[in-house]
Amino acid sequence: MTRRHIRLVPLALALMVSACHSNPSTSPTTTTGGLTTETFTGTVAVNGSDSKTFTVAVTGVVSATLTAAPVPMGLGVGQPGGASGCVLLPGGSTTATAGTLAQVSGELTPGTFCVQVYDVGNQTAPVSYTVTVTHP
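Residues numbered from 1 in each chain as written. Predicted model: local features only at pLDDT ≥ 70, side-chain atom pairs only at ≥ 80, totals over all residues. Heavy atoms only, no water.

> Explain the overall build of the chain here, please?
The secondary structure content of the chain amounts to zero helices and 10 strands. Ordering the α and β elements of the chain from the N terminus gives β-β-β-β-β-β-β-β-β-β. Looking at the chain as a whole, 46% of its 136 residues qualify as buried. Counting contacts in the chain only where the partners sit at least 6 residues apart, residues at least 24 apart contribute 82% of the total. (Helix = DSSP H or I, 4+ residues; strand = E, 2+ residues; numbered from the N terminus. Buried < 20%, exposed > 50% of the residue type's maximum accessible area, 1.4 Å probe, protein only. Contact = heavy atoms within 4.5 Å.)

In structure tokens:
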């Protein structure tokens, strides 16, 4: 395993959500028992994506949950960069339907990462979404 490498294991029954790189909205961060929870909102254009960054302080499990979106979307975790703003890690993405259980999770080392929501072909108009990321 290399530095800043993540092993993401999609949950069997979870579906992911997509977004477009447009809205930098984030809610206040909450910390509980050594874990930080960040809530991000944004809008994904048809055939688009949206990414938000977060910082992992210590090695540990990171979980991403698409909590609000009217259609199934792509959801992934990666590192900032590339044309879309987020280069997804191998095995770090899935298609998700909004819910309360983590749809992507895995262990990350300290560093700056991103969560990306993207259109998987279900959109006919821009879609607003909410994603929650929990990390150490």
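So that's the structure; there's more coming.
> Just checking my understanding: could you explain the confidence of the model for the chain for this structure?
Detailed conclusions should not be drawn from predicted coordinates in areas where pLDDT is low. Mean pLDDT over the chain: 83, with 76% of residues reaching 70 or higher. pLDDT under 50 marks residues 1–24. Its contacts with residues more than four places away, or in other chains, come to 104 contacts. (pLDDT = per-residue confidence, 0-100.)

> So what exactly am I meant to see when it comes to the sheet that holds strand β4 (residues 49–56) here?
With respect to topology, four strands assemble into an open sheet ordered β4-β9-β6-β7, the strand pairing being antiparallel. Only two strands of the sheet have a single partner each, and these edge strands are β4 and β7 (86–96). Taking the axes of each pair of neighbouring strands and ignoring which way they run, one obtains an average angle of 20 degrees across the sheet. Inspection of the sheet shows strand β6 (residues 73–80) paired to strand β9 (residues 111–118) by five bridges, in the antiparallel sense. Bridging across to β9, G78 finds its partner in C114. (Pairing = 2+ DSSP bridges. Axes fitted to C-alpha atoms, helices over the stretch in contact; angles between N-to-C directions.)

> What is the right way to read the environment of L35 from this model?
In this fold, L35 is placed in strand β3 (residues 35–44). A C-alpha to C-alpha distance of 9.2 Å links L35 and V62, two positions 27 residues apart in sequence.

> I tried to follow the environment of V133 on my own but got confused; where do I start?
The topology assignment puts V133 in strand β10 (residues 127–135). A relative accessible area of 0% means that V133 is categorised as buried. In the structure, V133 is positioned 69 residues away from A64 in sequence and 4.5 Å away in space, judged by C-alpha atoms.

> Explain the environment of A98 here, please?
Structurally, the position occupied by A98 is in the loop between β7 and β8 (104–108). With relative accessibility at 29%, the residue A98 sits in the partly exposed group.

> What exactly am I supposed to notice about the nonpolar core here?
What tends to happen in soluble globular proteins is that the nonpolar side chains get buried as a cluster. By size, the foremost hydrophobic cluster in this structure holds 22 residues, and its most contacted members are F54, L66, L75, L108, V115, V131 and V133. Among the elements that line this core, the one with the most residues is β10, at four residues. The residues touching V131, leaving out its near neighbours within four places in the chain, are E38, T39, F40, T65, L66, T67, L75, V115 and V117. (Core = buried A, V, L, I, M, F, W, Y, C linked by side-chain atoms within 4.5 Å.)

> Help me out: how do you make sense of the side chain of Q116 in this one?
Inspection of the secondary structure puts Q116 in strand β9. Residue Q116 is classed as buried on the basis of its relative accessible area of 5%. Within the local environment of Q116, its side chain forms a polar contact with the side chain of S49, the two groups lying 3.4 Å apart. (Polar contact = N/O pair within 3.5 Å; in protein donor to acceptor, adjacent residues only side chain to side chain.)

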